[in-house]
Amino acid sequence: MLDSIVENLCSVLKDFLLFILGIYNNLAGKAVGMLGENPASWNKDGWKFAENVNAVFLGVAVALVVIFFLIGFCSESVDVRQELRMESILRMFLKLSIAEYFTVNSITIVKNSFVIATGFIDKISKKGMSFEFEIPEEINAILEDPLNHAMSGWGGLGWTLVLFILTLVFLLVAYGCGMMILYEAFVRFFKILMLVPYGTLANSTLAGNHTLAHSAVSFWKYALGTILEAVTMYMALVLSATVLGSGVINLTSGSTGALYVVGWVLESSFVCMLTLGIVKGASSITQKALGL
């Protein structure tokens, strides 16, 4: 009688674990889908908003180009009659032309720069590396045939109830981490849509001297870091699934039967939280790795 109950409970437990991993994979899958998208195609209304704000900023930035150009000219010229040589004139007008180009086309350049991130993600995905968690064959074997894995009688029933409690905790961890990962993907897109219009103002400083042009350099560093942040987040999701599959934490080492399942559930919970931590820190990792 008890053995029959244990077998039925283990069958339910296996379906419950599949349900939990399905929730996590679904949420992570939505986040991955967003990471591989261009913001213009992700939400057309959001991108339209960015374009409208950019048009407002552009009117101001065009005037700033002239102002910064004059400031740069005055700060670099000690004696106008000595500095006004042909090469100096060409250099100043080249600087003005570059500033004008980047100011007017800033939003287009940022939009096209997303090809870098989407290209990396596409290449990684084609390598057959999956971000989805799966139940290992060892866990399937134990839950499908618990009686032959030291889970019979009252002891087996007790371990089965313990596994149900741990699995409920795992449900909360997986759901919470999955939601937060999806949240981070949304936050990234909102950051992009908000930073894009500032490019016109930042690029107008290119018309000035080196001190003024620091604003443009700072903008492009931040923009590149935010764009490539998607690649770091994607790698974190793929790496976590790989780590879980290899059992690198070794909580299941030397364990059999119910203890093996307990170790795997704890290991999975830890990896989910670890993945969330890396995804949340993707911006810092990317910027420090590239010196941005």
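Everything numeric in this text was worked out from a predicted model, so none of it was measured.

1. Remarks on the overall build of the protein
Check the secondary structure of the protein and you find 12 helices and zero strands. Considering the protein as a whole, with its 292 residues, one finds that 43% of them fall into the buried category. Put simply, of all contacts in the protein between residues at least 6 apart along the chain, 86% involve residues at least 24 apart. Accessible area for the protein stands at about 15,000 Å²; split by element, carbon and sulfur atoms hold 67% of it.

2. Describing the confidence of the model for the protein
Averaged over all residues, the pLDDT of the protein is 77; the fraction at 70 or higher stands at 81%. Looking across the protein, the model is least confident in helix α4 (residues 80-83), with a mean pLDDT of 51, and most confident in helix α8 (residues 153-195), with 84.

3. Here's the deal with the state of the cysteines
Using the criterion set out here, one finds zero disulfides in the structure. Free cysteine: cysteine 177, not disulfide-bonded; nearest cysteine sulfur from cysteine 272 at 5.4 Å. Since its relative accessible area comes to 5%, cysteine 177 is described here as buried. Accessibility expressed as a relative area gives 0% for cysteine 272, which makes it buried.

4. Focus on the packing of helix α7 (residues 137-144) against helix α11 (residues 257-280)
For the pair α7 and α11, interaxial distance at closest approach is 10 Å and the crossing angle is 135°. Accordingly, the angle class assigned to the pair α7 and α11 is oblique. Relative to α11, the crossing made by α7 is left-handed. Of the residues in α11, those touching α7 at Glu138, Ile139, Ile142 and Leu143 are Gly257, Tyr260, Val261 and Trp264.

Rules of the game
- Residues numbered from 1 in each chain as written.
- Predicted model: local features only at pLDDT ≥ 70, side-chain atom pairs only at ≥ 80, totals over all residues.
- Heavy atoms only, no water.
- Helix = DSSP H or I, 4+ residues; strand = E, 2+ residues; numbered from the N terminus.
- Buried < 20%, exposed > 50% of the residue type's maximum accessible area, 1.4 Å probe, protein only.
- Contact = heavy atoms within 4.5 Å.
- Areas by Shrake-Rupley, 256 points an atom, 1.4 Å probe, with all protein chains shown as cover.
- pLDDT = per-residue confidence, 0-100.
- Disulfide = S-S within 2.5 Å.
- Axes fitted to C-alpha atoms, helices over the stretch in contact; angles between N-to-C directions.
- Parallel < 35°, antiparallel > 145°, perpendicular 65-115°, else oblique.
- Left-handed = near helix turned anticlockwise from the far one by under 90°.

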